[in-house]
Amino acid sequence: APGTRVHASGVPFADPSGDRLRAWLGIDKETFYDEARIAIVPMGFCFPGLDASGGDLPPRKECAPHWRDRVFAELPHVKLTLLVGSYAQAWHLKGGLKPTMTETVRAWRDYAPKFVPLPHPSWRNNAWLKKNPWFEAELLPHLRRRVSRILASNSSWPGLTRPPSGRASARSED
């Protein structure tokens, strides 16, 4: 679900989390926001509000079941889905979800090539990133290569100015 800054802007990942996510992917803003190449599909389309300590509440539980399957049906050419954060991981990995988000992300090879689980790129995960140097050393180089190959292979859609159904070829979730 979008945080306060993103909610105010109306642009997903238009904050430092987005800067970090784009760095993880090795792509610029123009590519990231090119809807013919990347779809950003949140777990919830609305800002869920703040908790008592001023942090963002989790995505509302009724949102995803209401619309996710219909949205994904319109994205038949997806080559890679980034599962950004534990809510996206829980939704997509159901029976294959590990006991913790760290274990799920560490097991990223088990979910490839369709999914890559990621921690949320929020500053709140700085301590997690420091405690898990394998993430930057192992997962991110793989992710950057994979994203680069996908974007290069989909740089043009023969006979079309946009992908079939006008939909993106990769998507990121929050």
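Residues numbered from 1 in each chain as written. Predicted model: local features only at pLDDT ≥ 70, side-chain atom pairs only at ≥ 80, totals over all residues. Heavy atoms only, no water.

**Student:** Outline the overall build of the chain, listing residues and values.
**Tutor:** On a plain count of helices and strands, the chain comes out with 9 helices and 4 strands. Each helix (α) and strand (β) of the chain, taken in turn from the N terminus, gives the series α-α-α-β-α-β-α-α-α-β-α-α-β. Here the chain, with 174 residues, has 44% of them falling under the buried criterion. A separation of at least 24 residues holds for 66% of the contacts in the chain among residues at least 6 apart in sequence. (Helix = DSSP H or I, 4+ residues; strand = E, 2+ residues; numbered from the N terminus. Buried < 20%, exposed > 50% of the residue type's maximum accessible area, 1.4 Å probe, protein only. Contact = heavy atoms within 4.5 Å.)

**Student:** If you had to explain the layout of surface pockets to someone new, which residues and values would you point to?
**Tutor:** A volume near 150 Å³ is recorded for the second largest pocket. At the level of secondary structure, the elements contributing two or more residues to the lining of the second largest pocket comprise α4 (63–73) and α5 (86–93). Counting residues per element, the lining of the second largest pocket draws most heavily on α5, which supplies 3 residues. Partitioned by chemical class, the residues of the lining of the second largest pocket number 7 nonpolar, no polar and 2 charged. (1 Å grid on protein atoms, 1.4 Å probe; cavity = no way out; pocket = protein on both sides within 12 Å on 5 of 7 lines; lining within 4 Å. Points joined across faces, edges and corners; volume = space filled by probe spheres on them. Nonpolar A, V, L, I, M, F, W, Y, C, P; charged D, E, K, R; others polar.)

**Student:** Help me get a handle on the pattern of salt bridges, residues and values and all.
**Tutor:** In total, this model carries 4 salt bridges according to the counting rule given. In this structure, arginine 109 and glutamate 138 form a salt bridge, with 3.6 Å as the shortest nitrogen-oxygen distance. Separated by 29 residues along the polypeptide, arginine 109 in helix α7 (residues 108–111) and glutamate 138 in helix α9 (residues 133–153) bring together distant segments of the chain. (Salt bridge = Lys/Arg side-chain N within 4 Å of Asp/Glu carboxyl O.)

**Student:** A description of α5 should follow, citing residues and the corresponding values.
**Tutor:** Buried within α5 are the following residues: Ala88, Gln89, His92 and Leu93. Seen end-on, α5 carries its buried residues on one side only, within an arc spanning 100 degrees. Of the residues trailing α5, lysine 94 is marked for its positive phi of about 20 degrees. (Arc of directions from axis to C-beta.)

**Student:** Report on the environment of serine 17, specifying residues and quantitative values.
**Tutor:** Looking at where serine 17 falls in the secondary structure, it is placed in helix α2 (residues 16–25). Spatially, the C-alpha atom of serine 17 lies 7.0 Å from that of tryptophan 123, the residues being 106 residues apart in sequence. If sequence neighbours within four positions are ignored, serine 17 has contacts with His120, Pro121 and Ser122.

**Student:** Provide a residue-level description of the side chain of threonine 104, including the pertinent values.
**Tutor:** You can see threonine 104 is positioned in helix α6 (residues 101–106). What makes threonine 104 buried here is its relative accessible area of 0%. Not counting the four nearest positions on each side in its chain, threonine 104 is found in contact with Gln89, Leu93, Leu97, Lys98, Tyr111 and Pro117.

**Student:** Got a sec to walk through the confidence of the model for the chain? Specific residues and values, please.
**Tutor:** Mean pLDDT over the chain stands at 85; residues scoring 70 or higher make up 83%. For the stretch residues 156–169, pLDDT sits under 50, and the model shows 32 contacts to residues farther than four places along the chain or on other chains. (pLDDT = per-residue confidence, 0-100.)

**Student:** Talk me through the packing of α2 against α9; I want residue IDs and the actual numbers.
**Tutor:** Orientation of α2 relative to α9, taken along the N-to-C sense of each, is 75 degrees, at an axis distance of 7 Å. Here α2 lies roughly perpendicular to α9, going by the angle between them. Side by side, α2 and α9 meet where Ala23, Trp24 and Leu25 of the first sit next to Phe135, Leu140, Leu143, Arg144 and Val147 of the second. Among the residues forming the contact of α2 with α9, the class breakdown is 7 nonpolar, no polar and 1 charged. (Axes fitted to C-alpha atoms, helices over the stretch in contact; angles between N-to-C directions. Parallel < 35°, antiparallel > 145°, perpendicular 65-115°, else oblique.)

**Student:** Requested: an account of the packing of aromatic side chains, with residues and values cited.
**Tutor:** How two aromatic rings sit relative to each other is given by the distance of their centres and the angle of their planes. The tally for this structure, following the rule as stated, stands at 6 aromatic pairs. Their ring planes at 75 degrees and their centres at 5.5 Å tell us that tryptophan 128 and phenylalanine 135 sit as a pair that is edge-to-face. Put simply, the rings of Trp24, Trp128, Trp134 and Phe135 pair up and form one aromatic cluster. Lying over the aromatic face of phenylalanine 32, arginine 22 brings its terminal NZ or CZ to 5.2 Å of the ring centre. (Phe/Tyr/Trp six-rings, centres within 6.5 Å; stacked < 30°, edge-to-face > 60°. Lys NZ or Arg CZ within 6 Å of the ring centre and 35° of its normal.)

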